[in-house]
Amino acid sequence: MKNKRFIYKSLSVLLLTGATFGAVSCNDSNLEDVKNTGTFDTENYFKNEEQSFSGLVAVYDLLRKYSGGFENDVTFFNAASDDFYSGGGSSTDGAGIQGMSNFTINPIIMPASYWRDYYQGIARANLLVDRIPNANMNDQTRKRFVAEAKTLRSLYYFELVRMFGRVPLILQPVKFTDDYYNIPQANVADIYAQIQSDIIASIPDLPMTATGNERGRMTQGTARAILGKIYLYNKKYSEAATQFEMVNGTPGGTSQYGYKLVSNFADLWVIDNKFTTESILEVMHTNKGNSDWSFWGSGKDEGNSVNQMVGIISYGKVVPAPTAPPNNAPEMVSGWGFNPMTVDLFNFMQGDPRLDATVFNAKKLVQDGKITYSGGYRDTGYFLNKYMPREADKSTLPGTPELNFRQNYIAIRLADTYLMEAEALGGSGARAQALLDAVRARVGLASVPVSMQVIKDERRRELAGEGHRFFDLVRWGDAPAKLGARGFTAGKNEILPIPFNELTNTALVQNPGY
């Protein structure tokens, strides 16, 4: 019997059940659940705008793969960089993240969710695009919904391509009657061509900006930023620079889409500073979903898991002696100790104004007699302050507090696109200099002559811990030198193994070296 754990498993898995626009609505309001009776009659759904909107919400839900659940992109790929270790309670705490950190990752321990979750988002987008032409709604709204779905589908394919290389390119709903076990992998060039053309065609049907309850939805600026990033990874540097220039506008100023660097870098990490002027693609998290262990990581939970995962194990403040000054150490929630920072990054950040917002120096607080904690695996005493779980941010609503942190994750922000444009420009010229200067000026740093190495260094400091470093190193060709001591093998570890259960009795071919 053929293995049925391929891309979609079954249409019933792809139900819009429990979908909320948590990734979109600024007031975290939940849409009414679509009832799940065990099957999903796609022929009799998507009949009107309300049903189509709930389908679109379900497509957006997969954005939470970046920062929701134990198998989230941020902690997984931080662990694969030269800036962080896997961490956790022990060397066996999460086989996938441990294997990614020391590059012993293989098809058996490779978490299947990195394949399945993005294909689930693609399947939902395909279903919406296929059914919505017959829905009873005005054409302008219909076009916008399709544009959003296609842009999200392109983003999900981009994530699959940079993780796995060649993957099946599926643009229509797949049913049991189809021979979906024999869908072959497409060439990477063909996938890039498809997703680039889909976004280009979608941009005119997207709004320039989104405000109020629509914040977080795709706009022309978001789509152009995603397209620019896709072009950059596809080595179409001129095209990438063009898209980024439209997103970025005059360096340091306000762009046509309303984007502007926030004045205080540390404000980006304040838990309720959602959708700042610097945010281009932001993943919404809320404590109002009352996330619990029973469905954590299933796609229905809405809390930010990165907070709990990078928190310090058994964190506690020392009670000062009666005659001693009050202990002013921060009030933190104990976490699971993932992603301790490397000493190399800590040293690299010295003297940089972004140091304190980026690094939580538990080592110094212990030396000063202010806190105690239990060192986890590969503990250095340095932790990621951007997502540190603070006691004041702990949820008091029903649900497990550890799973209900409401800090949003900014997947693409303006400083990122500034530096990507400077990179696309080859790290030279007046505009690349101005883009670099704007990022540095925001934190009070003087201008330095622009170059590719300077841009690389600036990205490392500016975006530390946000999940980008591993992909940056691979894109630049620097991964073998920077990660070789970790076990990185050139020609193999640039992409990941396809999870074993996705291969059995299918046309898929495993990636080289695995």
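Residues numbered from 1 in each chain as written. Predicted model: local features only at pLDDT ≥ 70, side-chain atom pairs only at ≥ 80, totals over all residues. Heavy atoms only, no water.

Peer 1: What's the story with helix α3 (residues 95-102) in this structure? I'm lost.
Peer 2: Since the α-helix packs 3.6 residues into each turn, any two residues three or four apart lie on the same face. Of all eight residues in α3, six are buried; the element is thus mostly enclosed. Where α3 is concerned, the buried positions are G96, I97, Q98, G99, M100 and S101. Structurally, α3 contributes buried residues whose contacts are with α2 (73-79) and α16 (469-476). (Buried < 20%, exposed > 50% of the residue type's maximum accessible area, 1.4 Å probe, protein only. Helix = DSSP H or I, 4+ residues; strand = E, 2+ residues; numbered from the N terminus. Contact = heavy atoms within 4.5 Å.)

Peer 1: Sorry if this is basic, but what is going on with the side chain of D83 here?
Peer 2: When you line up the elements, D83 lands in the loop between α2 and α3. Relative accessible area serves as the criterion here: at 1%, D83 is assigned to the buried category. A distance of 2.7 Å separates the side chain of D83 from the side chain of R460, its partner in a polar contact. Setting aside its immediate chain neighbours within four residues, D83 contacts P340, M341, T342, L345, R460 and R469. (Polar contact = N/O pair within 3.5 Å; in protein donor to acceptor, adjacent residues only side chain to side chain.)

Peer 1: Got a minute to help me understand the environment of G337 in this structure?
Peer 2: Among the secondary structure elements, G337 is positioned in the loop between β2 (316-317) and α10 (343-348). Between the alpha carbons of G337 and S101 there is a distance of 14 Å; along the sequence they are 236 residues apart. Non-local contacts of G337, meaning those with residues more than four positions away in its chain, are made with G87, G88, M309, G311 and I313.

Peer 1: Where do I start with the packing of helix α4 (residues 113-131) against helix α5 (residues 139-164) in this structure?
Peer 2: Between two packed helices, the angle of one axis relative to the other and the distance separating the axes together describe the packing. At their nearest, the axes of α4 and α5 sit 9 Å apart, and the two run at 155° to each other. In this view, α4 runs roughly antiparallel relative to α5, as classed from their interaxial angle. Considering the relative orientation of α4 and α5, their crossing is left-handed. Taken together, the residues of α5 that come into contact with α4 (itself represented by Y114, W115, Y118, Y119, G121, I122, A125, N126, L128 and V129) are F145, V146, A149, K150, R153, Y156, Y157, E159, L160, M163 and F164. (Axes fitted to C-alpha atoms, helices over the stretch in contact; angles between N-to-C directions. Parallel < 35°, antiparallel > 145°, perpendicular 65-115°, else oblique. Left-handed = near helix turned anticlockwise from the far one by under 90°.)

Peer 1: When you look at the confidence of the model for the protein chain in this model, what are you seeing that I'm missing?
Peer 2: The predicted coordinates ought not to be read in detail in places where the model reports low pLDDT. Of the residues in the protein chain, 91% have a pLDDT of 70 or more, and the chain-wide mean is 91. Counting contacts from residues 1-39, a segment whose pLDDT is below 50, to residues more than four positions away or on other chains yields 112 contacts. (pLDDT = per-residue confidence, 0-100.)

Peer 1: Would you explain the packing of helix α15 (residues 452-462) against α16 in this entry?
Peer 2: Interhelical geometry of α15 versus α16 gives an angle of 165° and a closest axis separation of 11 Å. With respect to α16, the axis of α15 lies roughly antiparallel. Handedness of the α15/α16 crossing: left-handed. Taking contact as the criterion, the partners of K456, R459 and R460 in α15 are, on α16, R469, D472, R475 and W476. Here the residues of the contact of α15 with α16 sort into one nonpolar, no polar and six charged. (Nonpolar A, V, L, I, M, F, W, Y, C, P; charged D, E, K, R; others polar.)

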